Amino acid sequence: MLEQISQLGRYGSQFLQQIGQSGIFLFRVFIRKPDFKRLWPDLRAQLFFIGVLSCLIIIVSGLFIGMVVGLQGYNTLEKFGADTQLGQLLALSIARELGPVISALLFAGRAGSALTAEIGLMKATDQLASMDMMGVDPLGRVIYPRFLAGLIALPLLSLIFSAVAIYGGYFIGVQWLGIDAGSFWSNMQSAVNFRLDVLSGIIKSIVFAFVLVWIAVFQGNNCVPTAEGISNATTKTVVYSSLSVLGLDFLLTAMMIGGW
Amino acid sequence: MKKQQIVDLSVGLFMIAGFFAFAVLAINVSGLTDFISTKGYHVSAEFTNIGGLKVRAPVTVAGVKIGEVTNIELQPEQLNAKVTMLLNKNRQIPYEDSSARILTEGLLGSNYISIIPGFEDADPQHPYLKDGDVIAKTQEAIILENLIGQLLFSINKK
């Protein structure tokens, strides 16, 4: 009994230690003064890897999610004779919730896991240590451009997701199910407020981007440098990222609806 | 070199696509163009009862949206509600004799304000509503429960 309680205590202190380590890690990454001239080639390559290569999965899933929300929404709204409100339903649910959250989840699976595996393998093959030995700071050279690229890429990806999803819903609602295009757009525009709906979605996706990249690069940098350790770290990245996105989403939504 | 150019090009296209999506969301979805290009002017009106009127509710003339409610507050002395609304700058409403009513969209919809314009040539010094004006003539919200109550009362009397 006593043994189990002390085991629990060990887990707790390990958990706190990890959080503390990741906080110190974040501080050490961001303490530098950015030299954008030298950073730019790395940043560009990472933007390609994290952003451009994630575009396809974001666009395809955005299109299908918009189409599904359009179809489901139409079938429900039609029962109340409110099928012209589909635009409002679609735009609000996508701009506020689905856009930021689903693109963050996809991003965690597509880019976060890859970041962890890449950095973990660099650590396992002593590339980070040898960089350090040559006097090149691995945090500035490897971690920092990836961090910035993620911070830029995810908000853009979630904007693309939202726009594509709304056009997917438009395609289903207007072109296929025959809602009037004018009332679709005008209901949407009168219901969606730029600051409260679009901007709060963007703020959400910036927060998600920060947390996701933080988890991914920290897990990579902190992994046990073996094959098993890298696989563990990659799994942890996806699990922690997904959970923290969903948890933070609730928190942010509560803050935004409460009016900060 | 060739591959580097493809990377550059696709990163550039990705950034452009992101900003384009932002523009679509801002202009096409949220209809931002109404209020950001033309700064509006604030006008207020006092109602004895605003029913379910909320901030951001539309303000219309002849059914066309020309602005929205920005603030609702209870005035401590008169104990009535002062509703401030932001109207689009290029929509001129005659000052004299204009009145504001609180109406309901459909039977159970949300409340909105309808402004009924008055006469245009009443006062050459102050022809149109301008920033800070108060619309003098108002009509309070029609509350369904009160109407039903009155109806039941009048039925019972017979």
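Reference entry: report on the structure contained in this document. Within each chain, residue numbers correspond to sequence positions counted from 1 in written order. Labels follow written order: the first chain is A, the first ligand is 1, and so on. pLDDT decides what is reported in this predicted model: residues at 70 or higher carry local features, side-chain atom pairs at 80 or more are listed and counted, and totals for whole chains, interfaces and linings draw on all residues regardless. Think of the side-chain values as coming from all heavy atoms in the structure, minus any hydrogens and water.

1. Side note on the pattern of salt bridges
- We define a salt bridge as a contact between a side-chain nitrogen of Lys or Arg and a carboxyl oxygen of Asp or Glu at a distance within 4 Å. Within this structure, the stated rule accounts for ten salt bridges over all chains.
- A salt bridge links R96 of chain A to D197 of chain A; its shortest N-O distance comes to 2.8 Å. In this pair, R96 of chain A sits in helix α4 (residues 86–124) while D197 of chain A sits in helix α8 (residues 194–221), placing the two residues 101 residues apart along the sequence.
- Accessibility expressed as a relative area gives 35% for R96 of chain A, which makes it partly exposed.
- Among the ionic pairs, D97 of chain B bridges to K137 of chain B, the shortest N-O distance being 3.6 Å. Helix and strand definitions follow DSSP, with helices as H or I runs of at least four residues and strands as E runs of at least two, each counted in order from the N terminus. Only protein chains enter the accessibility calculation, which uses a 1.4 Å probe. A residue is then buried if its area is under 20% of the maximum for its type, exposed if over 50%, and partly exposed in between.

2. A look at the packing of helix α2 (residues 36–51) of chain A against helix α6 (residues 138–176) of chain A
Residues and elements named next belong to chain A.
- Convention adopted: a line fitted to C-alpha atoms gives each axis, helices being fitted over their contacting stretch, and angles between N-to-C directions are expressed from 0 to 180 degrees. Running from N to C, α2 and α6 point in directions that differ by 50°, and their axes come no closer than 8 Å. If you check the angle between α2 and α6, you find them oblique. Our pair here, α2 against α6, has a crossing hand that is right-handed. Of the residues in α6, those in contact with F36, L39, D42, L43, Q46, L47, I50 and G51 of α2 are G140, R141, Y144, P145, R146, L148, A149, G150, I152, A153 and L157. Put simply, angles under 35 degrees are roughly parallel, angles over 145 are roughly antiparallel, angles from 65 to 115 are roughly perpendicular, and the rest are oblique. Handedness of a crossing follows from how the near helix is turned relative to the far one, being left-handed for an anticlockwise turn of less than a right angle and right-handed for a clockwise one. Working rule for contacts: check all heavy atoms of both residues, and any pair within 4.5 Å makes them a contact.

3. Side note on the pairing of strand β3 (residues 64–74) of chain B
Residue and element names in this part refer to chain B.
- Two strands pair under a simple rule: DSSP has to find at least two bridges between them. Pairing geometry for strand β2 (residues 58–61) and β3, over four bridges, is antiparallel. Bridge pairing in β3 links T60 to K65.
- Between β2 and β3, which pair antiparallel and follow one another directly, the connecting turn spans two residues, one of which, A62, has a positive phi of 55°.
- Two elements, β3 and strand β4 (residues 81–87), share seven bridges in a ladder whose sense is antiparallel. Residue pairing in the sheet places E68 in a bridge with L86 of β4.
- Linkage of β3 to β4, two consecutive antiparallel strands, is achieved through a turn of six residues, within which L79 is found at a positive phi near 55°.

4. Observations concerning unusual backbone geometry
- The phi dihedral of D126 of chain A falls on the positive side, at around 60°, and the residue is not glycine.
- Along the chain, D126 of chain A turns up in the loop between α4 and α5 (127–133).
- For D126 of chain A, a relative accessible area of 48% corresponds to the partly exposed category.
- For A62 of chain B, which is not glycine, the phi torsion reads 55° and is therefore positive.

5. Observations concerning the environment of R141 of chain A
All names here are of chain A.
- Tracing the sequence through the fold places R141 in helix α6.
- Sequence separation between R141 and D42 is 99 residues; the distance between their C-alpha atoms is 8.1 Å.
- Apart from the residues within four sequence positions on either side, R141 is in contact with D42, M131 and V136.
- N or O atoms within 3.5 Å of each other form a polar contact, as long as, within protein, one can give a hydrogen and the other can take it, and as long as residues adjacent in sequence are counted only when both atoms are side-chain atoms. In this structure the side chain of R141 is engaged in a polar contact, spanning 3.3 Å, whose partner is the side chain of D42.

Honestly, that's just the spatial picture; any functional story needs more than this.
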